[in-house]
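Read off the chains here:
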Amino acid sequence: MKDLNTKKVIITGAASGIGRATAERFYKEGSTLVLIDMPTEQESELKAMFPERMTYIQANVTSPQGLEAIQAEINSGVDVFINNAGITRDATVHKMTDEQWDQVIAVNLTAVFKLSRMCAVKMKEQKSGVILNAASVVAHYGNFGQANYTSTKAGVIAMTKTMAKELGKDGIRVNAVAPGFIGTPMVRKMPEKVITMMEGKAPLRRLGEPEDIAAAYAFLASEDASFITGTCMNVDGGVVLG
Ligand SMILES: NC(=O)c1ccc[n+]([C@@H]2O[C@H](COP(=O)([O-])OP(=O)(O)OC[C@H]3O[C@@H](n4cnc5c(N)ncnc54)[C@H](O)[C@@H]3O)[C@@H](O)[C@H]2O)c1
């Protein structure tokens, strides 16, 4: 992918799953990485995977101290910021607690807003930058037991469009990626029949791989996507087609 080797890319939730695959992809492209995740025993593993051009920051995107640490990184320059960190706290609506609601809103929506706002200030000064947000296909059609999660992902899509409108004149592009069923370790552990059902729902008849999502982020971050903003790219094997 042209030009990514000159970019400083900050990724939240980079220690596992899609975030880690995205870090690998940008590292291969030659980007300089700032990887952010909760305090984790995976730090040394990440340092071994990315021996150079990588800074690891242990930060909770919902805590003032975590945001302060990320702000310092943004202030020293940021070309691409990927709001990937996300959580689920599933329960059907009558059983969902305030805590389950609040936790998911805090990570998946409020942190995305606060971090994007920090980026907007710095990127405006730079007159360039790309913000990429993790949505989900369930934002489009809802999902049993996920009133909290689906609300955040639909919110992320609307926020992406609004920020794209506001920030385009400053040379800032804002896009979202909506993964379908992705074969992260969590999904791969599910019973065979659930996986078969997921595969059957996608016209391409397979689960996605974290690398499929990483490829979409790499494209959207690159100059090849220089005329693309405010979009939500479904990377889902066609599952939203129903
Ligand atoms: N896996 C899928 O099928 C799928 C589908 C649609 C959307 N998504 C979205 O893609 C993103 C990545 O998903 P994944 O499957 O790789 O998840 P994952 O659980 O493997 O990784 C998420 C990472 O975010 C980190 N994180 C969570 N809370 C955090 C916080 N407060 N501060 C900092 N880091 C935090 C976790 O420690 C973890 O490393 C999420 O936003 C998710 O909603 C995933």
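Every chain's residues receive numbers from 1 upward, in the order its sequence appears when written. Predicted model: local features are reported for residues with pLDDT of at least 70 only, side-chain atom pairs are reported and counted for 80 or more only, and whole-chain, interface and lining totals are derived from all residues.

A. A look at the site of the ligand. We call a residue near a molecule or strand when the C-beta position, derived from backbone atoms, sits within 6 Å of it. Contacts to the ligand come from 24 residues, most closely from Gly 13, Gly 17, Gly 86, Ala 134 and Ile 182. Secondary structure elements follow DSSP: runs of H or I of four or more residues count as helices, runs of E of two or more count as strands, with numbering from the N terminus. Here the shell around the ligand takes three residues from helix H1 (residues 17–28), the largest share from any one element. Gly counts as polar in this scheme, as do all residues outside two lists: the nonpolar Ala, Val, Leu, Ile, Met, Phe, Trp, Tyr, Cys and Pro, and the charged Asp, Glu, Lys and Arg. Split by residue class, the shell around the ligand holds twelve nonpolar, eleven polar and one charged.

B. Representation of the nonpolar core in the model. Core analysis: the largest hydrophobic core is formed by 63 residues, its most contacted members being Ile 11, Leu 132, Val 177 and Tyr 217. It is helix H4 (residues 98–126) that provides the largest number of residues to this core, a total of nine residues. Contact criterion: two residues are in contact if their C-beta atoms, reconstructed from the backbone, are within 7 Å. Those residues within four positions of Tyr 217 in sequence are excluded, and the remaining contacts are Thr 22, Ile 82, Leu 132 and Val 177. In this usage, the nonpolar core is the set of buried Ala, Val, Leu, Ile, Met, Phe, Trp, Tyr and Cys residues whose C-beta atoms join them within 7 Å. Backbone-placed C-beta atoms define the burial measure: a residue is buried with 20 or more other C-beta atoms within 10 Å of its own, exposed with 12 or fewer, and partly exposed in between.

C. Structural context of the environment of Leu 220. Structurally, the position occupied by Leu 220 is in helix H9 (residues 210–221). Separated by 102 residues in the primary sequence, Leu 220 and Met 118 place their C-alpha atoms 20 Å from one another. Beyond its immediate chain neighbours, meaning those up to four positions away, Leu 220 contacts Leu 132, Asn 175, Ala 225, Ile 228 and Met 233.

D. Broad picture of the pairing of strand S2 (residues 32–37). S2 sits mainly inside the fold: five of its six residues count as buried. In the sheet, strand S1 (residues 8–12) pairs with S2 via five bridges, with the strands oriented parallel. Paired with Val 9 across the two strands is Leu 33, which belongs to S2. Both S2 and strand S3 (residues 54–58) contribute to a ladder of five bridges, which runs parallel. When the sheet's bridge partners are listed, Asp 37 is paired in S3 with Gln 58. When the strands point away from the viewer and the path from the first strand over the helix to the second turns clockwise, the crossover is right-handed. For the crossover from S2 across helix H2 (residues 43–49) to S3, the handedness is right-handed. DSSP bridges decide pairing: two strands pair if at least two such bridges lie between them.

E. Expanded view of the pairing of strand S5 (residues 129–134). Here S5 lies mainly inside the structure; six of its six residues are buried. Side chains of S5 alternate between two faces, with Gly 129, Ile 131 and Asn 133 and Val 130, Leu 132 and Ala 134 buried alike. Across four bridges, the pairing between strand S4 (residues 80–83) and S5 is parallel. Bridge assignment links Val 80 to a residue of S5, and that residue is Val 130. Assessed by its sense of winding, the connection that carries the chain from S4 through H4 to S5 is right-handed.

F. Structural detail: the sheet that holds S2. An order of S3-S2-S1-S4-S5-S6-S7 is seen for the seven strands of this open sheet, with the pairing classed as parallel. Taken across any chain shown, the strands that pair with only one partner, and hence form the sheet edges, are S3 and strand S7 (232–235). Across the sheet, the axes of successive neighbouring strands diverge by a mean angle of 15°, strand direction being ignored. Relative to the sheet, H4 contacts S4, S5 and strand S6 (172–179), its axis offset from that of S5 by approximately 165°. Structural elements are reduced to axes, namely lines fitted to C-alpha atoms, with helices fitted over the stretch in contact, and the angle between N-to-C directions of any two is expressed from 0 to 180 degrees.

G. Fine view of the confidence of the model for the chain. Per-residue confidence for the chain gives a mean pLDDT of 96; residues scoring 70 or more make up 100%. Highest mean pLDDT in the chain belongs to S4 (99); lowest belongs to helix H7 (residues 185–188) (81). Scored from 0 to 100, pLDDT reflects the predictor's confidence in each residue.

H. Spatial organisation of unusual backbone geometry. Backbone geometry at Arg 53 places phi at a positive 50°, although glycine is not the residue there. Topologically, Arg 53 is positioned in the loop between H2 and S3.

I. Summary view of the packing of H4 against helix H6 (residues 147–167). Close contact between H4 and H6 brings their axes to 9 Å; oriented N to C, the two are set at 15°. Between H4 and H6, the interaxial angle falls into the category roughly parallel. Pair H4 / H6 crosses with right-handed handedness. Residues Gln 100, Trp 101, Val 104, Ile 105, Asn 108, Leu 109, Val 112, Phe 113, Ser 116 and Ala 120 of H4 lie in contact with H6, whose contacting residues are Asn 148, Tyr 149, Thr 152, Lys 153, Gly 155, Val 156, Met 159, Met 163 and Leu 167. When grouped by side-chain class, the residues that make up the contact of H4 with H6 number twelve nonpolar, six polar and one charged. Small angles under 35 degrees read as roughly parallel and large ones over 145 as roughly antiparallel, with 65 to 115 read as roughly perpendicular and the rest as oblique. In a left-handed crossing the near helix is turned counterclockwise from the far helix by less than a right angle, and in a right-handed crossing that turn is clockwise.

J. Quick look at the packing of H1 against H9. Between H1 and H9, the least distance of the axes is 8 Å, while the angle of their chain directions is 55°. Of the possible angle classes, the one that applies to H1 and H9 is oblique. The handedness of the crossing between H1 and H9 is right-handed. Of H9, the residues touching H1 (which contributes Gly 17, Ile 18, Ala 21, Thr 22, Glu 24, Arg 25 and Phe 26) are Pro 210, Glu 211, Ile 213, Ala 214, Ala 215, Tyr 217 and Ala 218. Class assignment for the residues of the contact of H1 with H9 results in nine nonpolar, two polar and three charged.

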